[in-house]
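# Fold and geometry: a report
Here is how the chains run, residue by residue.
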Amino acid sequence: MTGIEIVGTGRCVPGRLVTNDDLSRLVDTSDEWIRTRTGIAQRYFCAEGETNAQLAAGAARAALKRAGISAEQIGLCVAATFTADHAMPSLACEVHGALSLPESAPAFDVNAACTGFITALETARSLLAGGSVTGEYALVIGSESISRVLDMTDRNTCVLFGDGAGAAVIRLSDKHDYRCVMGARGDASLLHAGGAASEEHFVHMEGKAVFRFASETVPKCVMQVLDSAKMTMDDIDYVVCHQANGRIIDHVMKKLNAPAEKFYKNMQTYANTSAASIAIALDEMNEKGLLCPGTRVVCVGFGAGLTWGGTLLTF
Ligand code: ACO
């Protein structure tokens, strides 16, 4: 399988910092409950007038800058989101306009909820490898404004999510080990939100059942990725899980009998940013100098659909 090189990453968070204490003034909750049940300490919400498209474009610009690539060199733009500002045009087309990407670069969204960034990466890789897009580089974005679809009177959901965007500039490479596995189980009962045919605008989640689903699916997904590459946990430097809940990640660690240092966590800062969470984590790791040439990372997303997906990336 032709692999990918991640040549640059970027992120953008909105302007309104919301602490657990801030939320405890809106609903019957506490900083202690949120921290111990989820690992979340704060999140960022879009300020008045701030849009998902602005976040996505901000992350994309940062990724281009870090990659040292100009907008004209982009051959494809794929955005993962379940909270696009409009049903149409897509978030990716809004970024296309904001960054003046070339007309030869197609732009579209994918929606696999919290698995979105994994799905978008593989979509972009496949299109580059298939030769149906011109240009060497693809821009892959995960971006959400989930605060727009949160019921701020429901303590079961409003404390869990945040807004933000992450992006990566990629190109094909045979020198970088890459694997991808994905799956889905059509079941809207545990997790759903809004849409044209829905009277329910807000996120609805059966937390316990989603927790069980994630705890079973994520370790399996990591093992599938490793098996497909004929590798073990010892060959991997980091695992970046979708940042929904620190306790899910702790469970995955235990099940895989893997050391805590390999599992990157940043839900304490951003909460669950759905399709953006893995992209934001990769950019933070990049900034901290954790992603050196040869570093191997397994990323795993899971979420509404139900969907899941794992990828092996080599830096
Ligand atoms: N503050 C205080 N109490 C709360 C809060 C809150 N914010 N939320 C729920 N509670 C209460 C409940 O009402 C319940 O009270 P009761 O016993 O009187 O009924 C009690 O706390 C325990 O609730 P549980 O649901 O059992 O709490 P649990 O320990 O399971 O944690 C949580 C809940 C954090 C939601 C957990 O189930 C979870 O993280 N689930 C997974 C979420 C997830 O991973 N989502 C990812 C996908 S998202 C996507 O794809 C868009």
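All residue numbers refer to position in the chain's written sequence, counted from 1. Totals for whole chains, interfaces and linings use every residue, but because this is a predicted model, local features are given only for residues with pLDDT of at least 70 and side-chain atom pairs only at 80 or more, for both listing and counting. In computing side-chain values, all of the structure's heavy atoms are included and hydrogens and water are not.

## Things to note about the packing of helix α3 (residues 52-67) against helix α4 (residues 91-99)
- Put simply, α3 and α4 touch, their axes get as near as 9 Å, and they point 60° apart. Between α3 and α4, the crossing angle belongs to the class labelled oblique. The element α3 and its partner α4 pack so that their crossing is right-handed. For the pair α3 and α4, the contacting residues are N52, A53, A56, A57, A60, R61 and L64 in the first and L91, E94, V95, A98 and L99 in the second.
- Classifying every residue of the contact of α3 with α4 by side-chain character gives nine nonpolar, one polar and two charged. Axis lines are fitted to C-alpha atoms, over the contacting stretch for helices. Their N-to-C directions set the angle, which ranges from 0 to 180 degrees. Helical segments are the DSSP runs of H or I of at least four residues, strand segments are the runs of E of at least two, and each set is numbered from the N terminus. Here the angle decides the label: under 35 degrees means roughly parallel, over 145 means roughly antiparallel, 65 to 115 means roughly perpendicular, and every other value means oblique. For a crossing to be left-handed, the near helix must be turned anticlockwise from the far one by less than a right angle; the clockwise case is right-handed. Should any heavy atoms of two residues lie within 4.5 Å, those residues are counted as being in contact. When residues are grouped by polarity, Ala, Val, Leu, Ile, Met, Phe, Trp, Tyr, Cys and Pro land in nonpolar, Asp, Glu, Lys and Arg in charged, and all others, Gly among them, in polar.

## So, the environment of F263
- The topology assignment puts F263 in the loop between α8 (246-256) and α9 (267-270).
- Separated by 24 residues in the primary sequence, F263 and V239 place their C-alpha atoms 4.9 Å from one another.
- Look past the residues within four positions of F263 in its chain and what remains in contact with it is M233, V239, C241, I249, V252, M253, L256 and A258.

## Notes on the sheet that holds strand β4 (residues 74-80)
- Taking strand neighbours across the sheet as the criterion, the five strands line up as β1-β7-β6-β4-β5 in an open arrangement whose pairing is mixed. In this open sheet, the two strands that pair with only one neighbour each are β1 (3-12) and β5 (107-110). Strand-to-strand, the axes of this sheet are offset by a mean angle of 20°, without reference to chain direction.
- When β4 meets strand β6 (residues 137-144), the two strands line up parallel, connected through six bridges. Looking at the pairing, C77 lines up with L139 of β6.
- Lying over the sheet, α3 contacts β1, β4, β6 and β7 (164-173), oriented at roughly 125° with respect to β1. Pairing between strands is defined by DSSP: at least two bridges between them are needed.

## Let's talk about the UniProt feature "domain: Beta-ketoacyl-[acyl-carrier-protein] synthase III C-terminal" (unreviewed entry) in the chain
- Per the UniProt record, the feature "domain: Beta-ketoacyl-[acyl-carrier-protein] synthase III C-terminal" (unreviewed entry) sits at residues 226-314.
- Summarising residues 226-314: 33% helix, 22% strand, and an end-to-end C-alpha distance of 13 Å. UniProt positions are given in the numbering used here, feature names are shortened, and annotations may be inferred rather than shown by experiment.

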